[in-house]
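Structure at a glance
Okay, here's what each chain looks like letter by letter:
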Amino acid sequence: MNNKKESVIAMTFTCLEVGQPCPPIIKNIERYRRFSGAKLEVHDNGNYLLLVFLDGMTNKEVEALRSSKITFKTIEERETGFLLTLVGISSRLQFEIIFDPTLYKGARGQIAALEKSNLITLVGIDTRNMNVRALRVITPPKRLRTKWLSSWNSMINMKDCSRLYVQWINSLYRYTLDELWNMAAYEGKGGE
């Protein structure tokens, strides 16, 4: 008889399928209806998702999400380590990604997941009907992952982090997305 205790790991999987409605992979996903933008999200199972929302996504945009090179840039607030990540997909699609790790239950574990896996699932969602139109697995550049980990670890240990981060992000809204893109530091392309 085996006296070893066996442990069971419960994992939750979410099926994402092109052409099907997006499952509720984020809380209150319906609030993104008719929205255009991007969001970095950590799923309960530790997987990172880059959600790209486009209202009335065109076939050209779908193709860009599926196959174009993805460029990553950052703007950093040196005193706090706060980061604003910018993503460029083809020459037409640019997004800002605001990410506050302190909003996640078990934030340290979520960050640890990024240390173990360098994969992010890109999900293109047409917010007119909330259908998944594009799926792709990408690897962010190593330099970007290093910056994310450093920033997020600092943020987790910071007092009143969420309020200060939102305040800093709001101070950047005096710039257009094109101005932010031109100001940002190049971090590399997906797959580097």
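See above for the structure.
Residues numbered from 1 in each chain as written. Predicted model: local features only at pLDDT ≥ 70, side-chain atom pairs only at ≥ 80, totals over all residues. Heavy atoms only, no water.

Remarks on the overall build of the protein
Put simply, the rule reads: Helix and strand labels come from DSSP, where a helix needs a run of H or I of at least four residues and a strand needs a run of E of at least two; each type is numbered from the N terminus. The classification of residues rests on relative accessible area computed with a 1.4 Å probe and restricted to protein chains. Under 20% of the type maximum is buried, over 50% is exposed, and intermediate values are partly exposed. Calculation of accessible area relied on Shrake-Rupley with a 1.4 Å probe; when residues are assessed, cover is drawn exclusively from the protein chains displayed.
The secondary structure content of the protein amounts to five helices and eight strands. Written out in order from the N terminus, the α and β elements of the protein read β-β-α-β-β-β-α-β-β-α-α-α-β. A total of 192 residues make up the protein; the buried ones form 45% of that total. Summing over all exposed atoms, the protein offers an accessible surface of approximately 11000 Å²; the carbon and sulfur share of this is 50%.

Focus on helix α3 (residues 142-156)
Our working rule: Multiply 1.5 Å by the residue count of a helix minus one, and that product is the helix's expected span.
The end-to-end C-alpha distance of α3, which contains 15 residues, comes to 21 Å, matching closely the 21 Å that a straight helix rising 1.5 Å per residue would cover. Those residues of α3 that fall on the buried side of the exposure criterion are L144, R145, W148, L149, S151, W152, M155 and I156.

Digging into the sheet that holds strand β3 (residues 70-77)
Threshold: DSSP-based pairing: two strands are paired if at least 2 bridges between them are found. Simply put, an axis is a line fit to the C-alpha atoms, just over the touching stretch for a helix, and the angle between two N-to-C directions goes from 0 to 180 degrees.
What the four strands build is an open sheet, ordered β5-β4-β3-β8; its pairing is antiparallel. At either margin of the open sheet sits one strand with a lone partner, and together these are β5 (93-97) and β8 (185-189). Each adjacent strand pair in this sheet contributes to an overall mean axis angle of 25 degrees, direction not counted. As defined by bridge partners, β3 adjoins β8 across four bridges and the pair is classed as antiparallel.

Here we look at the packing of aromatic side chains
Basically, it comes down to this: Here is the rule: rings of Phe, Tyr and Trp (six-membered ring for Trp) pair when centre to centre is within 6.5 Å. Planes less than 30 degrees apart are stacked, more than 60 are edge-to-face, and the remainder are tilted.
If you walk through the whole model with that rule in mind, you get seven aromatic pairs. Ring plane angle 45 degrees and centroid distance 4.4 Å describe the contact between F99 and W152, whose orientation is recorded as tilted. Taken together, the positions of F99 in the loop between β5 and α2 (107-116) and W152 in helix α3 put the pair 53 residues apart, joining distant regions of the chain. Taken as a pair, F99 and W152 share a single burial class, namely buried. For the pair W148 and W152, a centre-to-centre distance of 5.2 Å together with 15 degrees between the ring planes defines the contact as stacked. Taken as a pair, W148 and W152 lie in helix α3 at a separation of four residues, close to a single helical turn. Of the residues examined, W148 reaches a relative accessible area of 2% and is grouped as buried. Among the aromatic side chains, those forming a connected cluster through ring pairs are Y48, F99, W148 and W152.

Things to note about the nonpolar core
For clarity, the threshold we go by: By nonpolar core we mean a set of buried residues, namely Ala, Val, Leu, Ile, Met, Phe, Trp, Tyr and Cys, connected to one another through side-chain atoms within 4.5 Å. Whether two residues are in contact is decided by their heavy atoms, any of which lying within 4.5 Å being enough.
Counting 41 residues, the largest nonpolar core has L50, V52, L65, L84, I89 and W168 as the members making the most contacts within it. Looking at which element gives the most residues to this core, the answer is strand β4 (residues 82-89), with six residues. Once residues lying within four places of it in the same chain are set aside, the contact partners of I89 are V52, A64, L65, S68, K69, I70, F95 and L122. Core analysis: the next-biggest nonpolar cluster, separate from the first, contains 10 residues, I29, L51, I125 and V132 among them.

Some thoughts on the environment of K189
Residue placement: K189 occurs in strand β8. Taking C-alpha positions, K189 is 6.7 Å from K69, a pair spaced 120 residues apart along the chain.

Observations concerning the pairing of strand β7 (residues 131-138)
Consecutive side chains of a regular strand alternate in pointing toward one face of the sheet and then the other. In terms of strand pairing, strand β6 (residues 120-126) meets β7 through seven bridges, oriented antiparallel. Bridge assignment links I120 to a residue of β7, and that residue is I138. Adjacent in sequence and paired antiparallel, β6 and β7 are bridged by four residues, among which M130 carries a positive phi angle near 65 degrees.

So, helix α4 (residues 161-172)
Worth spelling out the cut-off: This arc describes the spread of directions from the helix axis toward the C-beta atoms.
For α4, which comprises 12 residues, the first-to-last C-alpha distance of 17 Å matches the rise-based estimate of 16 Å (1.5 Å per residue) to within 8%. Burial in α4 covers these residues: C161, Y165, W168, I169 and L172. All buried residues of α4 project into a common sector of 100 degrees when viewed along the axis, lining one side. Looking at the packing, one finds that the buried side of α4 touches β3, β4, α3 and α5 (177-183).

Examining the environment of S68
As for its position among the elements, S68 is in the loop between α1 (59-67) and β3. Sequence spacing of S68 and G88 is 20 residues, and the spatial spacing of their C-alpha atoms is 9.5 Å. Beyond its immediate chain neighbours, meaning those up to four positions away, S68 contacts E63, I89, S90 and R136.

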